[in-house]
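# Chains, contacts and geometry: an overview
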Amino acid sequence: MASNYTVTPEEILAISGVNPRRCMKCGRCTATCPAFAEMEYHPHQFVAMVESGRIGELMNSRSIYRCLSCMACIERCPRQVDPARLIEAVRLAVERKQGGNHLIPDQVPERLEPDMPQQLLVSAYRKYTK
Amino acid sequence: MQKIGVFVCHCGTNIAATVDVEAVAEAARHVPGVVYATDYTYMCSQSGQDLIKDAVKKYGLTGVVVCSCSPRMHEKTFRKAVDSVGMNPYLLEIANIREQCSWVHKDKEIGTKKAIALMKAAVAKAELDSPLTAGETPVVKRALVIGGGIAGMQTALDIADAGYDVDIVEKNPTIGGKMAQLDKTFPTLDCSSCIVTPKMVEVGQNEKIHIYSYSEVTNVSGFVGNFKVTIKRKARYVDETKCTGCGLCTEKCPMKKVPNEFNLGLNNRSAVYIPFAQAVPKVATIDPNYCLMLNKGVCGLCSKVCGAGAINYKDTDKEIEVEYGAIVAATGYEIMDVSKYDEYAYSQSPDVVTSLEYERLMNAAGPTGGELLRPSDHKRPKTIVFVQCVGSRECDSTRGGKPYCSKICCMYTAKHAMLTKDHYPDTDIYVFYIDVRTPGKNFDEFYRRAVEQYGVHYIKGAVGKVTPENGKLIVQASDLLMNEQLTIDADMVVLAAAIEPSHSARHLATMLTASMDTNDWFTEAHPKLRPVESPTAGVFLSGVCQGPKDIPETVAQAGAAASKVIGLLSKDKLAGNPCVAHSDEMMCTGCSQCADVCPYGAITYVDKEFRMRDRTTKVRRVAQVNPAVCQGCGACTVTCPSGAMDLNGFSNSEIMAEVDALCR
């Protein structure tokens, strides 16, 4: 189970490219979130929990799978904290820790297709490797 | 042979902690030309200055090098010190071993090495220094204030009070600015127009003040004490000297569907208009975009009814040039355009308004006569939601967001909430805030009154979405303290939109060569010690053009700017800067490149006769610098391809000597 794994805030920051310290706790993310009622932890709490290092709790929470990735919070966030990106980063962290590498370089050539965009390869590495 | 003294300052531990000051003094003793070197804890102190003065006398020094802080800090101090013992002040050089050395290094060995290098460079320059004498220029005893809001009016009144002539240039048909549009002022709740309109009258009646209303500054040349300013007087189509302000033309004008800018477009005015009843000057203006006569050549009603014969359809823009000794920027602010913030539905519903619009809706002289009626159906709103920080405190500027706090919104929102509750106690008011910022005399007490006495619901959270639906505004918001998402059925939503600098400010700053920050607020010469002066000599700052502030702060700054102007105008002559450029006529090829790069227009070309070796004469075109206009920036000296341009006090040979010393 995921509960055995945890990641550091630095890893989350590296995956998401977001700095939760920029948050000024305005609450526009939570105000706008259409999945609010489904969540145990709400978007503004997400940011605060990553900032204070309580990432294990997040990884175990069902909330991270309730986020629809509608990006409304990113649209509204005045501080470029972008909660949806943080949530995505935690989700990725869970996936990565659970299964290890899903993609190894040797497998790449046989899976290539001529019209596959390069960006897809890059993002596949991000998503499916540790 | 030069006899140079070197004085190394410890600046307490500011320098001495990172630079071995004794080693610097010791190194100086071995530099050729240096006859005396010492170090001291505080060179700028009286005893430190005495040390320099005594050495100048005792060793007959021909040059002084002080290794200390930036010349911006104490060059004046030390120049004055050497001047007092008969040495030309321009024979003094400063080696900046604090800001550019000790403060930026941690390693003492490296710091010391660099300090020694900087000292040697300064000594090399000092050896080539020649005495310079500053010229004098007269001061024009008249000031220009750009902007006729409360800041500009207060500055003008204070300058006029000291006996100097002041002109106000105001782009609108009347002075008064934003304050004339406000209903009440915080935290005393006194009526804004009751205190600002007497000021406007005072300005209008003051013999020392001349108002150029409906005018703009289009060009500025010259320098401190001697500015030449071109003012464009926009065509008003009404003779200011004849119009009595009776308002008959505005009544008879058939074109009545012009959005009224004084009420922020919440109602309409006629094409010929007086902005509001207490306007100064109380003179009508014809709006050329809407006037039927000017656009279609038919109508002419206003001209027919005008008893004074003031209407002139053939009026044109006129430019006048006036000389000033000092210029004050008082250009104020605008309310940010919030139409890009779609989530608040500002563009979708007339019942979503900015706070300034709300101000007009509450004002007795406003579009509803002071009765609070919402714009869509003219019904009284029962539930009102106030949203704070719309566009303020954002790091993303794609929607026009500002990184700064607009400072006044927390207080005016508390004011709006209380006034509304005062008039209509059954109104439900919600204020969504991030932080409530109320630093100021009686400010927090004021805000607490809104909460405790009036029962305004202050909610720590934000509004995420406003949806207009069946005449209601469905507000979806967060309450962070309760960790809840709320939905409120509101009748009106009021946005505390960020304030931003006047849109004309950037263009004006370019004309004035005054600097601005990244947000287009004017920059002060020193953020703490020179807050009302621009770094450009003779240009001063008054009011919000320098940064967000409320009315008392604006008035205080306006008075401070006025006192600086008075200080300048009270001088008959100003000592010029002798570090100006000059051209060597024998080397000048007349290429004009220096004149092209000169930002001050100080360089002109003249035809000059030269006597040749064979006794014939030849006429050549050569550059001449006007030393009164030159600011010594040095742009011409680096541009000149033949090396004919040189700068006093920073000559090409001096700079090369410094570089040589650094490389040695």
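Definitions and cut-offs
Residues numbered from 1 in each chain as written. Chains lettered and ligands numbered in written order. Predicted model: local features only at pLDDT ≥ 70, side-chain atom pairs only at ≥ 80, totals over all residues. Heavy atoms only, no water. Contact = heavy atoms within 4.5 Å. Buried area = accessible area lost by both parts, 1.4 Å probe. Salt bridge = Lys/Arg side-chain N within 4 Å of Asp/Glu carboxyl O. Polar contact = N/O pair within 3.5 Å; in protein donor to acceptor, adjacent residues only side chain to side chain. Pairing = 2+ DSSP bridges. Helix = DSSP H or I, 4+ residues; strand = E, 2+ residues; numbered from the N terminus. Axes fitted to C-alpha atoms, helices over the stretch in contact; angles between N-to-C directions. Expected span 1.5 Å × (residues − 1). Buried < 20%, exposed > 50% of the residue type's maximum accessible area, 1.4 Å probe, protein only. Arc of directions from axis to C-beta.

### Regarding the interface of chain B and chain A
Counting residues at the interface gives 23 residues for chain B and 19 residues for chain A. Summed over both sides, the interface between chain B and chain A buries roughly 1800 Å², with carbon and sulfur atoms accounting for 49% of that surface. Among the residues of chain B in contact with chain A, Cys395, Asn483 and Gln485 of chain B are the three that bury the most area, contributing 30% of the side total. Along the contact surface separating chain B from chain A lie 1 salt bridge. Across the salt bridge formed by glutamate 394 of chain B and arginine 28 of chain A, the nearest N and O atoms sit 3.3 Å from each other. On the surface where chain B and chain A come into contact, there are 14 residue pairs in polar contact (both at pLDDT 80 or more).

### Description of the pairing of strand 32 (residues 603-611) of chain B
Walk down a regular strand and you will see the side chains alternate between the two sheet faces. Judged from the 9 bridges that link them, strand 32 of chain B and strand 33 (residues 617-625) of chain B form a sheet pairing that is antiparallel. Among the inter-strand pairings, threonine 604 of chain B is bridged to a residue of strand 33 of chain B, identified as glutamine 624 of chain B.

### Side note on the sheet that holds strand 20 (residues 352-354) of chain B
Residues and elements named next belong to chain B. Strand order in the open sheet formed by 5 strands is 20-27-21-22-23, with parallel pairing between adjacent strands. Each having just a single partner strand, strand 20 and strand 23 (457-460) make up the two edges of the open sheet. Each neighbouring strand pair of the sheet contributes to a mean axis angle of 20°, computed without reference to strand direction. With 4 bridges joining them, strand 22 (residues 428-433) and strand 23 adopt parallel strand pairing. Among the inter-strand pairings, phenylalanine 432 is bridged to a residue of strand 23, identified as isoleucine 459. Contacting strand 20, strand 21 (383-390) and strand 27 (492-497), helix 11 (residues 355-362) crosses the sheet at an angle of about 95° to strand 20.

### A short note on helix 2 (residues 46-59) of chain B
All names here are of chain B. Relative to the 20 Å expected for 14 residues at 1.5 Å per residue, helix 2 spans 20 Å between its end C-alpha atoms, a close match to the ideal helical length. All buried positions along helix 2 are accounted for by Gly48, Gln49, Ile52, Lys53, Ala55 and Val56. The arc that holds every buried residue of helix 2, seen down its axis, measures 160°, which confines them to one face. Exposed and facing more than 90 degrees away from the buried side of helix 2 are Lys57 and Lys58. Where helix 2 is buried, its residues contact strand 1 (4-9), strand 2 (34-40), strand 3 (63-68) and helix 3 (71-84). Once helix 2 ends, the next one or two residues include glycine 60, with phi positive near 55°.

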